[in-house]
Amino acid sequence: MTAARWLLSGKKAVVTGGSKGIGAAIVEEFIGLGAEVMAVARKEADLQQLQAKFPKAGLHALVADVSTTEGRQKLLDRVQTLWGALDILVNNVGTNIRKPVTDYTPEEYDFVMSTNLRSAFELSRDFYPLLKASAQGNIIQVTSVAGLTHVRTGAIYGMTKAALVQLTKNLAGEWAEDGIRVNAVAPWYISTPLAQTVLQNEQYLHEVVTRTPMRVIGKPEDVAGAVAFLCMPAAAYITGQTLAVDGGLTINGFHPA
């Protein structure tokens, strides 16, 4: 009984943005803990690389853009056909455009908003019946420390991530009676392809590390471990919370010169 509290055996999970970086690490963590996983991403080649790592595991892959209505419907249809139920939804997909506020175009605003926020809002609603049927449903929103404090990574990105924190609280309150727990993780800089676009600047990397109390950049598996824990039976009394996976960054905030 004790060991089962720390496993995800038999759970059915969807991970958006699941082909690389944090998403791929979550997929790997879930499979290692006994879950069956649907990884969703826009690029087939990335999903094929992920599948090659788990040829005999419970991994399914779907090419879909969940920032669109068509992509979300495609995912919902696939899950209903394959499983007919869902235990875990991880809204991990996200993007960013780093610019001063005055430089954003309306199209860029819509792109970041639809990818980071609307996808999570709509997928949570789409999968509500399947998660309710589970009686032990879990939703994890992958937000960011940019939603908790200022980190100079673009206002629109920060807005979407802050909104996910509030969405987490609202859904946790509304859906608790349906047996659905809703939590969030808020990473700081994690060593992913997206983060490397800015961390390759050595001066900026130095500023990031020196402002982080633990003095290191996080790894994707650091976030994956936190996500997995929040979905386990061992975390059954935790809902509506946002767990910062940040090496202590939110103690300080971050505004480099």
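For the structure given in this document, a descriptive report is provided here. Remember, it's a predicted structure, so these values are computed and weren't measured experimentally.

## What to know about the sheet that holds strand 7 (residues 242-245)
Point 1. One open sheet holds the seven strands; their spatial order is 3-2-1-4-5-6-7, and the pairing between them is parallel. Edge positions in the sheet fall to strand 3 (59-63) and strand 7, since each has one partner strand and no second. The average angle at which neighbouring strand axes cross in this sheet is 15°, direction not considered.
Point 2. Pairing between strand 4 (residues 88-91) and strand 5 (residues 137-142): four bridges, direction parallel.

## A few points about the environment of Val182
Point 1. Structurally, the position occupied by Val182 is in strand 6 (residues 180-187).
Point 2. Separated by 80 residues in sequence, Val182 and Thr102 have C-alpha atoms that sit 34 Å apart.

## With respect to the side chain of Asp46
Point 1. Relative to the elements of secondary structure, Asp46 occurs in helix 2 (residues 44-53).
Point 2. Leave out the neighbours within four places in its chain, and Asp46 touches Ser19 and Lys20.

## Focus: the pairing of strand 5
Point 1. Among the six residues of strand 5, six are classified as buried, and the element is accordingly described as predominantly covered.
Point 2. Burial of the side chains of strand 5 extends over both faces: Gly137, Ile139 and Gln141 are buried on one face and Asn138, Ile140 and Val142 on the other.
Point 3. Summarising the sheet, strand 5 and strand 6 pair through six bridges and their orientation is parallel. Opposite Val142, over in strand 6, you have Val185 as the bridge partner.
Point 4. This β-α-β element, strand 5 to helix 6 (residues 155-175) to strand 6, shows right-handed connectivity.

## Quick look at the packing of helix 4 (residues 106-126) against helix 6
Point 1. Interhelical geometry of helix 4 versus helix 6 gives an angle of 10° and a closest axis separation of 10 Å. One way to sum up the angle between helix 4 and helix 6 is to call them roughly parallel. Two secondary-structure elements touch here, helix 4 through Tyr109, Val112, Met113, Asn116, Leu117, Ala120, Phe121, Ser124 and Arg125 and helix 6 through Ile156, Tyr157, Met159, Thr160, Lys161, Ala163, Leu164, Leu167, Leu171 and Trp175.
Point 2. Here the residues of the contact of helix 4 with helix 6 are counted per class, giving 14 nonpolar, three polar and two charged.

Here is what the cut-offs are and how they apply
Here the residue index of a chain counts from 1 through its sequence in written order. Per-residue local features of the predicted model are confined to residues with pLDDT of at least 70, and side-chain atom pairs are confined, for both listing and counting, to 80 or more; whole-chain, interface and lining totals are unaffected and use all residues. Water and hydrogen atoms play no part in the side-chain values, which are based on all heavy atoms of the structure. Pairing between strands is defined by DSSP: at least two bridges between the two strands are required. For helices the rule is a DSSP run of H or I covering at least 4 residues; for strands it is a run of E covering at least 2, with both sets numbered from the N terminus onward. Fitted lines through C-alpha atoms serve as axes, helices being fitted only where they are in contact, and the angles separating the N-to-C directions of these axes extend from 0 to 180 degrees. Whether two residues are in contact is decided by their heavy atoms, any of which lying within 4.5 Å being enough. A simple rule labels every residue: compare its accessible area, found with a 1.4 Å probe on the protein chains alone, to the largest value its type can have, and call it buried under 20%, exposed over 50%, or partly exposed in between. Seen with its strands pointing away from the viewer, a crossover is right-handed when the path leading from the first strand over the helix to the second is clockwise. Just so you know how the angles are binned, under 35 degrees is roughly parallel, over 145 roughly antiparallel, 65 to 115 roughly perpendicular, and the rest oblique. Lys, Arg, Asp and Glu make up the charged group, whereas Ala, Val, Leu, Ile, Met, Phe, Trp, Tyr, Cys and Pro make up the nonpolar group; the residues left over, Gly among them, are polar.

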